[in-house]
Structure formats: structure tokens, C-alpha cells
Amino acid sequence: MKKIPFFGNSLLVLLLVITLLLFTTSCTPEIIPIRGGEGIVNLESKSYTLDKEGVVITVVSDAWSYEPIDARYSFTPFLISIRNNTSGDITIDEDNILMFDETNTQYGVIKAEFVDKALGSAQTPPPIIFYGGNYYYRNWGGLGLEFSYPLRYNQYDSKIIPLAFRFGTILSGAKARGFVFMQKHSSESRNLKLVISPVGSIATEEGEAAPTSLPQFIFKFEVTE
């Protein structure tokens, strides 16, 4: 019996992995912005922009395509851009961003450091006898299916912390941009509402900064299969 070369088997495994990846990815639910009475929605880029009282906020859904890709399955990431066109500073903290579904279930922000740690620690240590400790397993799941394939450690470079939104003060005329990771919404959710409540500041007679209210920014999305 003629033996199949090792590289032939490897190629077969690679093709199977690629096919399964395309299959599971294509079945992943999409988060699509809903056109409303205000703001600008671009369905192609899945972006939603609101401009209120000198503060411009753009939210992009399904924008995470970086390592680890698992972040989009374990959390609900949004790419958020905020431009401060007011004459004062504004502040955005984790408590200023909340997400709700159609049942009014509330979801909060998960700090990027926690997201990175959670996904990193979730990697199953591979058998050293087979891989010499030079690989880790990436898990994929979808439609009740789950499989793992090995990748070299040096092929893994987490972008979660470098690309995360940095909370805090945004100076007058400045812009902040990055990913915000929300708790994973329920698998039964079909409508999501992202609420961003920036806090402004004005100078008092004593020369100190006092907080002032700014309008809420409400972004509505539909979850589709």
C-alpha cells in the first residue's frame, strides 16, 4: 500500500480547518446599526454617528478582527471614536457606557486588562510530549461544534490592550478612539442599545472645573443571524 506523504496529510488538515473556520464565521450573528430619526448610519461600515452640542461620537459594530479573534465571541466589542468640539473638557469612564437588550437586561464595560487576561488564561496548555511547549490551542465554536488547532506562541500577539479605548478626560479639540468591550449579550438578544453619557466640565469663578451635564448618546443595533 502506497503511503500518503506527511505534507499531504498536513495540507488536508489545513484545508479542513479553513473550511470549518469559514463555516463557523459565516454563521456568526451580526450586529447592525438601525437607522433612526437622528444621526448618520453607514450600513456598509456598520458605523453610527451622533453629533450633539459639540460632541461627536461614532460607534462601529463587528469591527474586531484582531488577535485574539475570540474576543468577538466571548464579549461584545465596539469601536468608539469621540471628538470633543466643545470649549471645555469632557470625561468618559467605564460607568458612562452601558448596553441594554430588548428585555432591558443591562450589560457593562469589561476593562481591557480583564478581557486580555480572561482570553489568555483560557488557552488550553498543549501536551508537551507532542509540541515541546511551543504551541497553544485556539478554540473555535459555532452551531454546537467546537474544535482546536495548534499555533506557535510567536504567532500570537494580543491587540486587546493596545487597541482598547482609554477612559478618562478628552481635552477640548481632541479625539479619542479605541475598542470598548461590553459583557457578552444574551444569545437570544435581537436588539441592542448602547448608551454613552459623557460628562462635561466648566470653569467656576474660583477657576476650578465643575461637572456639567451633556446629552446622552443612544445607539440602536439589530442582532441578525
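Just above, that's the structure.
Our subject in this report is the structure included herewith. Throughout this document, residue positions are counted from 1 along each chain, in the order its sequence is written. Under the rules for a predicted model, residues below a pLDDT of 70 receive no local features and side-chain atom pairs below 80 are neither given nor counted, while totals for whole chains, interfaces and linings still include all residues. The side-chain figures draw on all heavy atoms in the structure; neither hydrogens nor water molecules are used.

Attention shifts here to the overall build of the protein chain. Along the protein chain, the regular secondary structure elements total 5 helices and 17 strands. For this analysis, residues touch if any pair of their heavy atoms sits within 4.5 Å. Nonlocal contacts in the protein chain, meaning residues at least 24 apart in sequence, comprise 63% of its contacts between residues at least 6 apart. We get accessible surface area from the Shrake-Rupley algorithm with a probe of 1.4 Å; when it comes to residues, only the shown protein chains can shield them. Looking at the protein chain as shown, the accessible area adds up to about 13,300 Å², and 56% of this sits on carbon and sulfur atoms. Runs of E in the DSSP output that reach at least two residues are strands. Runs of H or I that reach at least four are helices, and both are numbered from the N terminus.

With that settled, the discussion passes to the pattern of salt bridges. Counted as salt bridges are all cases of a side-chain nitrogen of Lys or Arg within 4 Å of a carboxyl oxygen of Asp or Glu. Within this structure, the stated rule accounts for 5 salt bridges. In this structure, aspartate 62 and lysine 46 form a salt bridge, with 2.9 Å as the shortest nitrogen-oxygen distance. Placement of aspartate 62 in the loop between strand 4 (55-61) and helix 2 (71-74) and of lysine 46 in the loop between strand 2 (40-42) and strand 3 (47-52) is noted, with a sequence separation of 16 residues between them. For arginine 166, the salt bridge is made with glutamate 113, and the minimal N-O distance between the two is 3.7 Å. Of the two residues, arginine 166 sits in the loop between helix 5 (160-163) and strand 12 (168-170) while glutamate 113 sits in helix 3 (residues 112-121), which places them 53 residues apart along the sequence. Under the relative-accessibility criterion, glutamate 113 is labelled partly exposed at 39%. A 1.4 Å probe rolled over the protein chains alone gives each residue an accessible area, and that area as a share of the maximum for its type sets the label: buried under 20%, exposed over 50%, partly exposed in between.

Here the bond from glutamate 67 into proline 68 is cis, since omega is -10°, no more than 30 degrees from zero. Along the chain, the position of proline 68 falls in the loop between strand 4 and helix 2. Its identity is not glycine, yet lysine 46 carries a phi of approximately 60°, on the positive side. Its relative accessible area of 14% is what places lysine 46 among the buried residues. Not every positive phi belongs to a glycine, and asparagine 104 is a case in point at roughly 65°. Its location among the elements puts asparagine 104 in the loop between strand 7 (97-101) and strand 8 (106-107). Residue asparagine 104 is classed as exposed on the basis of its relative accessible area of 58%.

In this section: the pairing of strand 14 (residues 191-196). When DSSP finds two or more bridges between two strands, those strands count as paired. Bridging between strand 7 and strand 14 involves 5 bridges; their strand directions are antiparallel. When the bridges of strand 14 are listed, isoleucine 97 appears paired with isoleucine 196. Inspection of the sheet shows strand 14 paired to strand 17 (residues 217-224) by 6 bridges, in the antiparallel sense. Its bridge partner lying in strand 17, leucine 192 is registered against phenylalanine 221.

Burial of strand 3 is extensive: 5 of the 6 residues sit out of reach of the surface. Here strand 2 pairs with strand 3 via 3 bridges, running antiparallel. When the bridges of strand 3 are listed, asparagine 42 appears paired with serine 47. The hairpin turn running from strand 2 into strand 3, its antiparallel successor, is 4 residues long, and lysine 46 in that turn takes a positive phi close to 60°.

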